[in-house]
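# Structural overview
Each chain, letter by letter, is given below.
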Amino acid sequence: MKNLEAIEKRRTFGIIAHPDAGKTTLTEKLLLFGGAIQTAGAVKNNKIKKTATSDFMEIEKQRGISVATSVMAFEYGGKQINILDTPGHKDFAEDTYRTLTAVDSVILVIDCANGVETQTEKLMEVCRMRNTPVIIFVNKMDREGKDAFSLLDEIEEKLGINVRPLTWPIGIGDRFKGVYNIYDKSLNLFSANKTKKAEDVVSISDLDDPMLEELVTETFANELREELDIVEGVYDAFDREKYLSGDVAPVFFGSAVNNFGVQELLDTFIRISPSPRGRETDARFIEPSDNKFSGFVFKIHANLDPKHRDRIAFLRVVSGVFERNKFYHHVRLDKNFKFPNPTSFMAQDKSVIEEAYPGDVVGLYDTGNFKIGDTLTEGENMMFKGIPSFSPEIFMELENLDPMKSKQLDKGIHQLTDEGVAQMFIMQPGNRKIVGTVGQLQFEVINYRLINEYGANCRFAPKNFFKACWITTDNEEQLGSFLRAKSNYVAKDKDDNLVFLAETPFLLQMAEQDYPDITFHKTSEFKLEKA
Ligand code: G4P
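All figures in this text were calculated on a predicted structure; none of them were measured in a lab.

A tally of regular secondary structure across the protein gives 15 helices and 31 strands. Classification of the 531 residues of the protein by burial places 56% in the buried group. Within the protein, contacts between residues at least 6 apart in sequence are counted, and of these 72% link residues at least 24 apart. A total of about 22,500 Å² of accessible surface is found on the protein, and carbon and sulfur atoms cover 48% of it.

What follows is the structure, encoded as structure tokens:
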């Protein structure tokens, strides 16, 4: 069974982190170890620079380049590894959330000095929603940081997940000596070196071996023994099943920029991480081993070349085998399409592929037929669930500055929201359009693209909303009185779902109290419950 072999071989994951924790560096090191790139810098140069907050020309350029790093695939240890890139910039967090629907596990990078940061918490919330297995890499151990035990406590408390260290650091910062691999019972001695690949690993099967003193000094040897005693006393033994169900996160310590701890991470990753998993649809659960092809679109890159309105829709294969030039059923449009140039991305190279297997991501050239969340099948009418919208954090009212161009503006904003650049809510009753994003940067991107790609002219007026909550209820009477009382704060999303735009956390809480039969959903994921 070629298909089953291909599934077993694949590992599709994402690396997530609060900006600056070292996601790009770690991605690059994994690619170096995997032989997918030969020199450092290849990924880094593609990163949207932190200083680029208002430079949308730069963003446009980056948008083009970042297609190339959407999926980085390589073979390592007999596995086919697909790393799905997630934008580091916090203003593109929604993109990251959606990409997480297409992975089977994640590696979460934490800076040992900063610990758990705001973006880490948000990303982890998304992982928890679908019980995604998480491995944690505590980075920058060559710098002064928090004590390992306090860091683990902080992770458990703030991220709501149990941890289990699989390596243990000896010292930190200037005193950083290396890490002890608890499972292989080996010691990896640290030397700052940004280019080496192999590491100095010494096997220490007995911690009382006096060689430990020789290698790391008596003080550190004793400290390590004491700390490992505590580790064994405090944390349960590593249980792979608990990791796979998202209940326990194994933790590694290292320094990505120095290639330190990366090998252990990668070697353990291919041993324990899950092969492609199935996905829920509105009809049934689809196993990757199902013979018939199915997949969903989780990301769209549009108008890469403004002269040709081309888009690339990124499709995650869930089951069966995707084949070039074969007709597939686009469920939402109830139409069949074939794809002559499906593309795969291997680090910087892109090439046309003949077939793709569960866990793979295929780039489909599209002329505007796809929206995020669309499903392709071999004929079955079903839609994959769980590709939610999250509440935006910044809201602006879209104002048309050129009445002669209202058609263009309408088309542009619809296409951009299909692509997932922003969400749009239409105030009820009426036609006022509220655009919501997770970052300021998006408005600049939208404005720029509306002018340049659609010839529209608009302005954004800030709105003082704090959150959009999707509302559902069985109590029609209560809904009626809510809609009357809150008419200035009710809108519909693109799929005609009712949304409450709350101005403050307090007002949201009041609404929840005053209308107990109405449920206020923080994401559009409630469709999962509905279907
Ligand atoms: P991000 O993608 O998560 O935003 O982080 P990125 O990899 O770009 O890393 C952020 C900064 O942290 C970079 O420094 C990088 O070199 C540094 N870094 C990554 N891993 C380590 C580590 O293990 N130890 C130390 N000390 N630093 C690390 P930068 O000054 O912003 O960029 P650069 O000019 O050094 O490339």
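Moving on from the model shown.
Following the criterion strictly, the structure yields 24 aromatic pairs and no others. Where Y183 meets F238, the ring centres are 6.4 Å apart and the plane angle is 75 degrees; that geometry is what we call edge-to-face. Taken as a pair, Y183 in the loop between β8 (178–181) and β9 (186–189) and F238 in the loop between α8 (218–234) and α9 (240–244) lie far apart in primary sequence, 55 residues in all. Looking at Y183, the relative accessible area reads 39%, which means it is partly exposed. Of the aromatic side chains, those joined through ring pairs into one cluster are F293, F322, Y328, F337, F339 and F370. Across the ring face of F314, the terminal group of K299 is positioned such that the distance to the ring centre comes to 5.4 Å.

A word on unusual backbone geometry. Positive phi, normally seen in glycine, also occurs at N131, with a value near 50 degrees. Turning to its location among the elements, N131 is positioned in the loop between α5 (118–129) and β5 (134–139). A positive phi angle, close to 50 degrees, is found at K185, a residue other than glycine. Turning to its location among the elements, K185 is positioned in the loop between β8 and β9. Looking at K185, the relative accessible area reads 39%, which means it is partly exposed.

Now for the sheet that holds strand β24 (residues 394–400). Strand pairing in a sheet relies on backbone hydrogen bonds. The paired strands run either parallel or antiparallel. Overall, antiparallel pairing links the 8 strands, which are arranged β27-β24-β26-β25-β29-β30-β28-β31 in an open sheet. With one partner strand each, in any of the chains shown, β27 (458–463) and β31 (519–521) form the two edges of the open sheet. Averaged over all pairs of adjacent strands, the angle between strand axes in this sheet comes to 40 degrees, irrespective of strand direction. Pairing analysis gives 3 bridges linking strand β28 (residues 467–472) to β31, with the strands arranged antiparallel. Bridge pairing links I471 to F520 in β31.

As summarised here, the arrangement of the 7 strands in space is β2-β3-β1-β4-β5-β11-β6, forming an open sheet in which the pairing is mixed. Both outer strands of the open sheet, β2 (71–76) and β6 (162–165), are each paired with one neighbouring strand and no more. The sheet shows a mean angle of 30 degrees between the axes of neighbouring strands, taken without regard to direction. The pairing of β6 with strand β11 (residues 248–253) spans 4 bridges and is parallel. Paired with N162 across the two strands is V248, which belongs to β11.

Among the 5 residues that make up strand β25 (residues 423–427), 4 are buried, leaving the element largely enclosed by the rest of the structure. Bridge analysis of β25 against strand β26 (residues 433–437) gives 4 bridges, and the strand direction is antiparallel. Bridge pairing in β26 links F425 to I434. Linking two consecutive strands that pair antiparallel, namely β25 and β26, is a turn of 5 residues; a positive phi of about 120 degrees is found at G430 within it. Of the strand pairs in this sheet, β25 and strand β29 (residues 490–492) are connected by 2 bridges, and their pairing is antiparallel. Looking at β29, one finds that I426 is bridged to K492.

Nonpolar side chains tend toward joint burial in soluble globular proteins. If you look at the biggest cluster of nonpolar residues, it comprises 81 residues, and the most contacted ones within it are I136, W168, F253 and F322. Taken together, domain 1 (2–272) and domain 2 (279–377) each give at least three residues to this core, which thus spans both. Core analysis: the next-biggest nonpolar cluster, separate from the first, contains 29 residues, A17, V109, F238 and F252 among them.

What follows deals with the environment of M72. As for its placement among the helices and strands, M72 is situated in strand β2. With a relative accessible area of 0%, M72 lands in the buried category. Through-space distance from the C-alpha of M72 to that of T12 is 9.8 Å; in sequence the pair is 60 residues apart.

So, on to helix α1 (residues 2–9). For α1, the set of buried residues is N3, A6 and I7. The buried residues of α1 all sit within an arc of 100 degrees when viewed along its axis, so they share a single face.

What follows deals with the packing of helix α2 (residues 23–33) against helix α10 (residues 262–272). Across the interface, α2 lies against α10 with an axial gap of 10 Å and an inter-helix angle of 70 degrees. The angle between α2 and α10 falls in the class roughly perpendicular. Across the interface between the two elements, L26, K29, L30 and F33 of α2 pack against V262, Q263, L265 and L266 of α10. Tallied by class, residues from the contact of α2 with α10 come to 6 nonpolar, 1 polar and 1 charged.

Our focus in this paragraph is the environment of R459. Relative to the assigned elements, R459 resides in strand β27. The contact partners of R459, leaving out residues within four places of it in the chain, are E397, L398, E399 and L401.

Once that is clear, we can look at helix α6 (residues 148–159). In this model, α6 (12 residues) spans 16 Å end to end at C-alpha, consistent with the 16 Å of a helix rising 1.5 Å per residue. G160 occupies a position one or two residues after α6 and carries a positive phi of about 60 degrees.

A separate point is the confidence of the model for the protein. In the predicted model, the protein carries a mean pLDDT of 85, and 87% of its residues have values of at least 70. The low-confidence segment residues 48–54, where pLDDT is below 50, has 14 contacts with residues more than four positions distant or belonging to other chains.

All chains considered together, the criterion is met by 26 salt bridges. Across the salt bridge formed by D360 and R10, the nearest N and O atoms sit 2.7 Å from each other. You can see D360 sitting in the loop between β21 (355–356) and β22 (361–366) and its partner R10 sitting in strand β1 (residues 10–17), a full 350 residues away along the chain. Classification of D360 by relative accessible area gives buried; the value is 9%. When the shortest N-O distance is used, the salt bridge between K433 and D410 registers 3.1 Å. A residue pair is termed long-range when its members are at least 10 positions apart, and K433 in strand β26 and D410 in helix α11 (residues 406–419) qualify at 23 residues. Taking relative accessible area as the criterion, D410 reaches 31% and is therefore assigned partly exposed.

Cut-offs applied
Within each chain, residue numbers correspond to sequence positions counted from 1 in written order. Since the coordinates come from a predicted model, pLDDT governs what is reported: local features require at least 70, and pairs of side-chain atoms require 80 or more to be given and counted, while whole-chain, interface and lining totals use all residues. Side-chain measures were taken over the full set of non-hydrogen atoms in the model, leaving aside hydrogen atoms and water. Secondary structure follows DSSP: runs of H or I at least 4 residues long count as helices, runs of E at least 2 residues long count as strands, and numbering of each begins at the N terminus. Partly exposed residues are those whose accessible area sits between 20% and 50% of the maximum for their type, while under 20% is buried and over 50% is exposed, using a 1.4 Å probe and protein chains only. Between two residues, a contact is recorded if the distance between any of their heavy atoms is within 4.5 Å. Methods summary: accessible areas were calculated by the Shrake-Rupley approach with a probe of 1.4 Å, and residue burial reflects only the protein chains presented. Side-chain rings of Phe, Tyr and Trp, where Trp is taken by its six-membered ring, are said to pair if the distance between their centres is within 6.5 Å; with planes under 30 degrees apart they count as stacked, over 60 as edge-to-face, and otherwise as tilted. A ring has a charge above it when a Lys NZ or an Arg CZ is no more than 6 Å from the ring centre and no more than 35 degrees off the ring normal. We treat two strands as partners when DSSP finds at least two bridges between them. The axes are straight lines fitted to the C-alpha atoms, using for helices just the contacting stretch, and the angles between their N-to-C directions are given from 0 to 180°. Definition used in this section: a nonpolar core is a set of buried Ala, Val, Leu, Ile, Met, Phe, Trp, Tyr and Cys residues joined via side-chain atoms within 4.5 Å. The split of the chain into domains comes from an automatic or database domain assignment. When we speak of the arc, we mean the arc of directions from the helix axis to the C-beta atoms. Oblique is the label for any angle not under 35 degrees, not over 145, and not in the 65 to 115 range, which are roughly parallel, roughly antiparallel and roughly perpendicular in turn. The residue classification treats Ala, Val, Leu, Ile, Met, Phe, Trp, Tyr, Cys and Pro as nonpolar and Asp, Glu, Lys and Arg as charged. All others, Gly included, are polar. Expected helix span is computed as 1.5 Å times (number of residues minus one). Note: pLDDT gives the predictor's confidence per residue, expressed from 0 to 100. For this document, the term salt bridge refers to a Lys or Arg side-chain nitrogen within 4 Å of an Asp or Glu carboxyl oxygen.

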